[in-house]
Amino acid sequence: MSLPVTRTSMAERSQRLARLIADQLAERQQPDGTFEQHSFYAPAFAAALWAQLDPALYAHQIEVALSALEAEQQTPRYHREFIEYGLRQIPGLSDKRLNAILRTAPTQSPDVANWQVLGMINRHLSLKKGAGKNRKLINWLHWAFIRLRYWRAPFFWDRPTCFSGQYHAFCAALLTDSPEAAHSIIAAKATTLIAELSGDHGYANLLGRGAGQNFGAVCALYALSEHGFQTQADAVLFRLENAFLTTGTLPLNLFSTADLPDDPGPANPKTPGWYNYNRHDDYLAFAGYWLLKIATTPTAPRPQPTTPELKAAPIAIFSNATYQAQMCLCGTHSFDLTPCPVVLFGAENTASLLFAPTGGEEDTPSLYGPASIPLPATSDGKYFAQICKASRTKNTVRINFKLAGVSGQRTITFEDTQITITDKIATKCDLLRLLVHHDVKLVHISQQQLHAPDLGISFHADRDLVIDETNHFTAAGLARRVIAPHTDHVTLRICWGTDDA
């Protein structure tokens, strides 16, 4: 990797990034203590970062940030849990000031694992100041509820029956930081999954909501480093450093080539991986806080743990010397499921995407509508397939879908140097519709064969293939679509090496 894998070097590198982010936040802060773009919790996490890094140097920034929080209107979208957590990380902040900021704002408490864990941790932090037995009982019951509703060793649901690598990592980081032994046990198990997802490529959150975002990367980095997975932690840290070096900031999405524009949204193609509730300053301050925690949390040297072969039912991970493929096999929305595997090829810091994460937040309009999901569609573009069920047996994933009322099936088989995808349906339509990352150059060898000459990857089909160069979006930015048009069956083999069959 880029630097020696030692605790000292990782601490120094994390400290350097945290300092760069702290200075950038100070530049972006407005005279009234807010930030350039509307944010939900940036002032709280920025103040925590500044106060822990150098309270004298950033004294003015800390004070105006706290004043901004005191003056903030507490709307129904007020992120009480996040703001409270950030405030509780500020050394010396009085209860009077904290209460003046939070006032009577209720907790959000959505049916989402990371918010529930965050609320429990906030209550635990308040217990240190002499709360009574009732509050301790409430916290114990809340922990029991979280384990019952969201924990399915070794993973946390994002929402019940839905997985997100990003929010699994946040839960693991929060519990890793907790002094409670029961929390540490669960955190250790959760981190083994993060290690397997990260591999040596350093992308810890490619599945589910928040794919590729820095929020999940810094949480994964903290959990990995604290549990002794130094090889994987170094790979994640490299991705964060490289993103900062490339963009001059820590972009909201690590696959993005530029800072989030002033007008993010579904009309702007320069916002890959963006959802309606994402804010650059929120994520920047959040990342800086966790990076500083990585740099300053003492950890005794320990041997590199082994990564067990995990059989997590809703997640399929196929790793070999040629590629790593990941899939989510259950969920309630299109952005929860992975109809086309996320595939990385290459090793360590040279690993690149072949098929990128797809889908996105659908609570509000986004770049990722039904047409962007890599499943079959009618040739007139009016109807798009939806997954009914996905399952795995050994090295094969089967996905049942419906398109305009007609049932179909996709079968994906993973072998050492080949991935085979077969689509079948009892009607003529456009099959495959796979999204190849924009960095991968594709050329036609014949009507049924494509080649990526720079990579030594070839696509062999038993039906004609079309490359649609129209702008298509994934969580990693633009992509080109590979289609088998107007047919009821196609088998596509994606081969690494010299297979010319």
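In the block above lies the structure referred to throughout.
Remember, it's a predicted structure, so these values are computed and weren't measured experimentally. (Residues numbered from 1 in each chain as written. Predicted model: local features only at pLDDT ≥ 70, side-chain atom pairs only at ≥ 80, totals over all residues. Heavy atoms only, no water.)

This part covers a nonpolar patch on the surface. A surface patch of nonpolar side chains, amounting to about 350 Å² of accessible area, comprises Leu-137, Trp-140 and Leu-141. In this structure, Leu-137 sits in helix H7 (residues 133–150). (Patch = residues over 30% accessible without salt bridge, like charges linked within 9 Å, V, L, I, M, F, W, Y side chains within 5 Å. Areas by Shrake-Rupley, 256 points an atom, 1.4 Å probe, with all protein chains shown as cover. Salt bridge = Lys/Arg side-chain N within 4 Å of Asp/Glu carboxyl O. Helix = DSSP H or I, 4+ residues; strand = E, 2+ residues; numbered from the N terminus.)

We now examine the state of the cysteines. Under the counting rule described, the total for this entry stands at 0 disulfides. Just so you know, Cys-340 is unpaired, no disulfide at all, and the nearest cysteine sulfur is the one on Cys-328, 13 Å from it. The thiol sulfur of Cys-429 is not disulfide-bonded, and the nearest other cysteine sulfur, from Cys-388, lies at 14 Å. (Disulfide = S-S within 2.5 Å.)

Running from amino to carboxyl end, helix H9 (residues 181–198) crosses helix H10 (residues 214–226) at an angle of 115°, the nearest separation of the two axes being 10 Å. Viewed along their axes, H9 and H10 adopt a mutual orientation that is roughly perpendicular. With respect to the hand of their crossing, H9 and H10 are arranged in left-handed fashion. Across the interface between the two elements, Thr-191, Ile-194, Ala-195 and Ser-198 of H9 pack against Ala-220, Ala-223 and Leu-224 of H10. Classifying every residue of the contact of H9 with H10 gives 5 nonpolar, 2 polar and no charged. (Axes fitted to C-alpha atoms, helices over the stretch in contact; angles between N-to-C directions. Parallel < 35°, antiparallel > 145°, perpendicular 65-115°, else oblique. Left-handed = near helix turned anticlockwise from the far one by under 90°. Contact = heavy atoms within 4.5 Å. Nonpolar A, V, L, I, M, F, W, Y, C, P; charged D, E, K, R; others polar.)

What follows covers helix H8 (residues 165–177). Taking 1.5 Å of rise per residue, 13 residues should cover 18 Å, and H8 covers 18 Å from first to last C-alpha, within 8% of that figure. Among the 13 residues of H8, 12 are classified as buried, and the element is accordingly described as predominantly covered. Within H8, the full set of buried residues consists of Gly-165, Gln-166, Tyr-167, His-168, Ala-169, Phe-170, Cys-171, Ala-172, Ala-173, Leu-174, Leu-175 and Thr-176. (Expected span 1.5 Å × (residues − 1). Buried < 20%, exposed > 50% of the residue type's maximum accessible area, 1.4 Å probe, protein only.)

This part covers the nonpolar core. Ranked by size, the top nonpolar core spans 109 residues in total, and within it Trp-50, Leu-87, Leu-240, Phe-286, Trp-290 and Leu-291 carry the most contacts. Within the second largest apolar cluster, 44 residues are counted, among which are Val-397, Ala-452, Ile-457 and Trp-496. (Core = buried A, V, L, I, M, F, W, Y, C linked by side-chain atoms within 4.5 Å.)

Along a regular strand, successive side chains alternate from one face of the sheet to the other. Burial along strand S5 (residues 342–345) is two-sided: Val-342 and Leu-344 and Val-343 and Phe-345, pointing in opposite directions, are all buried. Taken together, the 4 bridges between strand S4 (residues 323–328) and S5 define a ladder with antiparallel strand orientation. Directly across from Ala-325, in S5, lies its bridge partner Val-343. Strand direction decides the pairing type here: S5 and strand S6 (residues 352–355), joined by 3 bridges, are antiparallel. Within S6, the residue paired with Leu-344 across the bridge is Leu-353. (Pairing = 2+ DSSP bridges.)

What follows covers unusual backbone geometry. The amide bond that connects Ala-153 to the next residue, Pro-154, takes the cis arrangement and shows omega of 10°. Here the phi dihedral of Ala-404 falls at roughly 50°; this positive angle occurs in a residue that is not glycine. When you line up the elements, Ala-404 lands in the loop between strand S8 (396–403) and strand S9 (406–415). If you check the backbone angles, Arg-433 has positive phi at about 55° while not being a glycine. Summarising the element assignment, Arg-433 is placed in strand S10 (residues 418–437). Taking the relative accessible area as the measure of exposure, Arg-433 reaches 5% and is therefore buried.

Examined against the element boundaries, Thr-322 turns out to sit in the loop between strand S3 (315–319) and S4. Looking at Thr-322, its side chain comes within polar contact range of the main-chain oxygen of Asp-416, at 3.0 Å. In contact with Thr-322, not counting residues within four places along its chain, are Phe-345, Gly-346, Asp-416, Thr-417 and Trp-496. (Polar contact = N/O pair within 3.5 Å; in protein donor to acceptor, adjacent residues only side chain to side chain.)

Below, the discussion takes up the packing of aromatic side chains. Counted under the stated rule, the structure contains 26 aromatic pairs. Ring centres 5.0 Å apart and planes at 75° place the aromatic pair Phe-155 and Trp-157 in the edge-to-face group. For the pair formed by Phe-155 and Trp-157, the shared burial category is buried. Ring centres of Tyr-289 and Trp-290 lie 5.3 Å apart, and the angle between their planes is 80°; on these two criteria the pair is classed as edge-to-face. (Phe/Tyr/Trp six-rings, centres within 6.5 Å; stacked < 30°, edge-to-face > 60°.)

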